[in-house]
Amino acid sequence: MAGMQYADGYGPVAAPVDRLLAPSPDGRDAGSASWLVTWSETLEAHLAYIALILSIACITPLDSLVSAHSGALFGLGFLAVWRYGWGLAHFVRSNIYRSMVFPKMRAEAEDAMRKSAATLGDQHVFFLVTSFRIDGDTTAAVYRAAFEAAKRAPGGATVVASIVEMGDQRLVKSLYSLICGEDTNVRLVITRIAGTGKRDALAYGFRAISRQEPTADDVVAVIDGDSIVPPDLVSKCAGFFRADNSVGALTTDEVSRVHGKTKFHIWYSLRFAQRHILMSSNGLSRKVLTLTGRMSMFRASIICNPDFVRQVESDYVDHWRFGRLKFLTGDDKSSWFWLLRNRYKMLYIPDVVVATVEEPPSKYFLPAATQLMVRWFGNMLRTNSRALALGPSKVGFFTWWTIFDQRVSMWTSLAGLAMVLLVGVFETPFAFLIYLLWVLATRYLLTLMLFNSRRRVSAFYPFFIYFNQIYGSIVKTYIFFHLNKQKWTRQKTTLADSRTRLQARAREASSTLVHVIAIALFITIVALVLGQLAIPDASILAMAYGLDPIN
């Protein structure tokens, strides 16, 4: 077949044509969300939430905490200024970027494409799509979108399908034939691996692209097997690389198509709304905090760099307790760190939206959220220390401080709850009621701020914001001391461990020990701030060690 290559030597395979050109059924995506999701975004739902806040305020003795504990007020006030001040900074920066800075960047990118088209020609675009154990409807939608976007690339395109299963190969080839046809400027390269993980799939794909000998001006869109790109992806993104030679990669806004219950629809939509604001804020510094594996675009010269390929394929960190800790997940953090270390700009394109098909790893919300948080936060924390080690002079102060805040926020988010628990248990139970009112009011203000990111927000967002802050912080503190915990939610691939069972148990025990010590120290500091514990003076210390008290 014209335009089709087999990077691994596999020949053509006949494939049936079944529903390949039909739009993917929406019975399980965002369109299938229950009436509760739709109702939660209405004015009536928000009025009901406001009524709840007012009802609790009417029965809350607001003067009880003031008279009972000034230490709690000081601690909560300090945390509020810290956390909400930092959140407000992101909000302001996000609006500056999207309303003032990015429109100029967009104009420069389009101008660069027009001026360079006559002298440099149009860029060739590579689409690298990795697929493994994704349902057929989603795979069809993903490759259909990739081929449609590739057809619109003025300089031609090559779609590299890095797959494992023969069924996916048949499906991809059938879609290519139906959408691109014989007379096309789109080539298809198929590379198959043994299902040893996404890092290997990416590395094989990178090397397949290198064998195509791309020019330094070409770009590569790295797309996950559950991400549906827009048809105008190339025209909206490729120009940024020509406008600024220091741009190494970019990523875009995302929306979710969720296969799951109502709670998952609301949770994912909240995550992406918050992501849009944070990405825009960091986009102002030209250094986003992650090059998401869902869809990020790179310079082809970076993708073909052997050092970059090695970093993605076999990344690791050296840890004082775990030794050499190889990365199983977090390939997007590996590519991000390589570009950060080499001082490339990493842009956020807020006016391009990629749809991601979300398949929760469990039908129950808490187990699914836990699995995903362990993976997400583990990837973040395993890369965090080495990114901080680069220093603010190399990374940029705001970006460096944001990375540092990832470590601090997991404790500050829990500090307020810890203060209220100590005051409520040992001093006044009214602290719980006042804290409830505080949570409902402040998280609703955060929800209203998300109207700046999305046209509709759910009245259930405040509950999920609080869940993400508290339960997410608990998971972060756990994974911070158990960085060896790595697991894909879809794949069964694992890393081999050469340690004996006794050594593994000793390592797990040491992780638990330092975690418990950290929690004890955290609670002690909170109690000291509240005045429930006093720092012992010299005479008490002398008595504790059997010495004569100092007069």
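Everything numeric here is computed off the predicted structure, so don't read it as measured data.

> Would you mind going over the pattern of salt bridges with me for this structure?
Pairing between side chains of opposite charge can happen when the charged atoms of each approach one another. Counted according to the given criterion, the structure contains 21 salt bridges. The shortest N-O distance in the salt bridge between K198 and D331 comes to 3.6 Å. Of the two residues, K198 is situated in helix α7 (residues 198-210) and D331 in helix α13 (residues 331-341); the sequence distance between them amounts to 133 residues. Per residue, the accessibility class of K198 equals that of D331, and both read buried. Each member of the salt-bridge network shares a partner with another, and the members are K198, D224, D226, R294, D331 and E358.

> Whenever I open this one, helix α18 (residues 461-480) confuses me. Can you help?
In an α-helix there are 3.6 residues to a turn, and that puts residues three or four apart on one side. Under the 1.5 Å per step criterion, the end-to-end length of α18 is 27 Å for 20 residues, consistent within 8% with the ideal 28 Å. Roughly 25° is the biggest bend found in α18, and it falls at G472.

> Could you clarify how one ought to interpret the nonpolar core in this entry?
Note on soluble globular proteins: their nonpolar side chains tend to be buried together. The biggest cluster of nonpolar side chains holds 88 residues, and the ones touching the most others in it are F127, F147, F206, L233, F308, W336 and L339. In terms of residue count, helix α5 (residues 136-151) provides more of this core than any other element does, nine residues in total. Dropping the residues within four chain positions of it, L233 is found in contact with F127, A149, A221, M295, M297 and V352. By size, the runner-up hydrophobic cluster in this structure holds 32 residues, among which are F272, Y461, I465 and L483.

> Looking at this model, I keep getting lost on the environment of V234. Mind explaining?
Its place among the elements puts V234 in helix α8 (residues 233-237). Distance from V234 to V220, taken between C-alpha atoms, is 9.9 Å for residues 14 residues apart in sequence. Dropping the residues within four chain positions of it, V234 is found in contact with V125, F127, A149, A153 and P154.

> Teacher, can you tell me more about helix α12 (residues 306-313) here?
Buried within α12 are the following residues: F308, V309, Q311 and V312. Along the long axis of α12, the arc covered by the buried residues comes to 160°, so they all point the same way. The elements touched by buried residues of α12 are α7, β8 (295-299), α11 (300-303), α13 and α14 (365-389). Where α12 starts, the residue carrying a side-chain oxygen 2.9 Å from the main-chain nitrogen of D307 turns out to be N305.

> Quick question: what am I supposed to make of the pairing of strand β5 (residues 219-224) here?
Looking along a regular strand, one sees side chains alternate from face to face of the sheet. In terms of residue burial, β5 counts as a mostly covered element, since six of its six residues are buried. Burial of β5 is two-sided: the residues V219, A221 and I223 facing one way and the residues V220, V222 and D224 facing the other way are all buried. As defined by bridge partners, strand β2 (residues 125-130) adjoins β5 across six bridges and the pair is classed as parallel. Across the sheet, the residue bridging to T130 is D224, located in β5. The sheet contact formed by β5 and β8 spans five bridges and is antiparallel. Opposite A221, over in β8, you have M297 as the bridge partner.

> Would you mind going over the packing of helix α16 (residues 397-426) against helix α19 (residues 501-530) with me for this structure?
Helix packing for two helices is described by the angle between their axes and how far apart those axes are. Two numbers describe how α16 lies on α19: the axes approach to 10 Å, and their chain directions differ by 60°. Between α16 and α19, the crossing angle belongs to the class labelled oblique. Pair α16 / α19 crosses with right-handed handedness. Residues W411, L414, A415, A418, M419, L422 and V423 of α16 form the contact with α19, whose participating residues are A518, F522, I523, V526, A527, V529 and L530. For the contact of α16 with α19, a count of residues per class yields 14 nonpolar, no polar and no charged.

> Just to check I follow, could you spell out the pairing of strand β4 (residues 186-192) for this structure?
Among the seven residues that make up β4, six are buried, leaving the element largely enclosed by the rest of the structure. Inspection of the sheet shows strand β3 (residues 157-163) paired to β4 by seven bridges, in the parallel sense. Its bridge partner being in β4, S162 is matched across the sheet by T191.

Thresholds applied
- Residues numbered from 1 in each chain as written.
- Predicted model: local features only at pLDDT ≥ 70, side-chain atom pairs only at ≥ 80, totals over all residues.
- Heavy atoms only, no water.
- Salt bridge = Lys/Arg side-chain N within 4 Å of Asp/Glu carboxyl O.
- Helix = DSSP H or I, 4+ residues; strand = E, 2+ residues; numbered from the N terminus.
- Buried < 20%, exposed > 50% of the residue type's maximum accessible area, 1.4 Å probe, protein only.
- Expected span 1.5 Å × (residues − 1).
- Bend = angle between axes of the 7 residues up to and from the residue.
- Core = buried A, V, L, I, M, F, W, Y, C linked by side-chain atoms within 4.5 Å.
- Contact = heavy atoms within 4.5 Å.
- Arc of directions from axis to C-beta.
- Polar contact = N/O pair within 3.5 Å; in protein donor to acceptor, adjacent residues only side chain to side chain.
- Pairing = 2+ DSSP bridges.
- Axes fitted to C-alpha atoms, helices over the stretch in contact; angles between N-to-C directions.
- Parallel < 35°, antiparallel > 145°, perpendicular 65-115°, else oblique.
- Left-handed = near helix turned anticlockwise from the far one by under 90°.
- Nonpolar A, V, L, I, M, F, W, Y, C, P; charged D, E, K, R; others polar.

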